[in-house]
Amino acid sequence: MSYPLPEPTPLSKPYWDALKQGHLTFQRCRRCSHAWLPARAECPECLADDWEWTKASGRGRIVSWVVYHHAYHEAFKARLPYNVTLVELDEGPRLITNIVNPDQGNGLAVERPVELRIEAEQDFSLARFALI
Ligand SMILES: [Zn+2]
């Protein structure tokens, strides 16, 4: 069973290409300096279409998470239980991801610092995070 994979668009392709090269990137507005993920054509803050891809430090913190004990897609059955976590990067953008070592220390908790761990999944590289 193969996993559902990202479907890059012309807009999001630079994000996926950067991950393959080992970097997490996000968009930053040149007008108001707001930063965001996922990829979109205009700044969600000021609606300017003047932005650039920026390399993230790879550091962030947990905002929230859930642990799945039931697979809603066959391909995820073997991974149960697994977490789906909202991480806020130090630079501001938030992304939905997985924590690769959820049992480390005291486990998942709001505000716990995390660090980028890029993992290969078939032909893609995905931005996951580790508790530190
Ligand atoms: Zn803006």
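In what follows, the structure referred to is the one given above.
Residues numbered from 1 in each chain as written. Predicted model: local features only at pLDDT ≥ 70, side-chain atom pairs only at ≥ 80, totals over all residues. Heavy atoms only, no water.

Draft legend 1. Up close: the pairing of strand β8 (residues 124-131). The buried fraction of β8 amounts to 8 of the 8 residues, a majority that puts the element mostly inside the structure. Of the two faces of β8, the one carrying Phe124, Leu126, Arg128 and Ala130 and the one carrying Ser125, Ala127, Phe129 and Leu131 are both buried. Of the strand pairs in this sheet, strand β7 (residues 113-121) and β8 are connected by 8 bridges, and their pairing is antiparallel. Bridge assignment links leucine 116 to a residue of β8, and that residue is phenylalanine 129. Hairpin geometry of β7 and β8 is characterised by an intervening segment of 2 residues between the two adjacent antiparallel strands and by a positive phi of about 50 degrees at glutamine 122. (Buried < 20%, exposed > 50% of the residue type's maximum accessible area, 1.4 Å probe, protein only. Helix = DSSP H or I, 4+ residues; strand = E, 2+ residues; numbered from the N terminus. Pairing = 2+ DSSP bridges.)

Draft legend 2. Focus on the side chain of serine 12. Tracing the chain through its elements places serine 12 in the segment before α1 (13-20). Look at serine 12 and you get buried, because its relative accessible area is 13%. Polar side-chain contacts of serine 12 include one of 2.9 Å to the backbone nitrogen of threonine 9. (Polar contact = N/O pair within 3.5 Å; in protein donor to acceptor, adjacent residues only side chain to side chain.)

Draft legend 3. Region of the structure containing the sheet that holds β8. The strand order across the open sheet formed by 5 strands is β6-β5-β4-β7-β8, and the pairing between neighbours is antiparallel. Either end of the sheet is taken by a strand with one partner, and the two such strands are β6 (94-97) and β8. If you compare each strand with its neighbour and ignore which way they point, the axes differ by 35 degrees on average. In this structure, strand β5 (residues 82-89) lies alongside β6, joined through 4 bridges in antiparallel fashion. Residue pairing across strands places glutamate 88 opposite arginine 94, the latter belonging to β6. The sheet strands contacting α1 are β6, β7 and β8, and the helix crosses β8 at an angle near 65 degrees. (Axes fitted to C-alpha atoms, helices over the stretch in contact; angles between N-to-C directions. Contact = heavy atoms within 4.5 Å.)

Draft legend 4. Looking closely at the coordination of the zinc ion. Note on the zinc ion: its protein donors are Cys29 (SG), Cys32 (SG), Cys43 (SG) and Cys46 (SG). The metal-donor distances range over 2.3 to 2.4 Å. Considering all 4 donor atoms around the zinc ion, angles at the metal cover 104 to 116 degrees and the coordination shape is tetrahedral. Among the residues examined, cysteine 32 registers a relative accessible area of 32% and is labelled partly exposed. In this structure cysteine 43 comes out as buried when scored by relative accessible area, which is 0%. (Donors = N, O, S within 2.8 Å, 3.2 Å for Na, K, Ca; no water. Tetrahedral: all angles 85-135°; square planar, octahedral: opposite > 155°, others 65-115°.)

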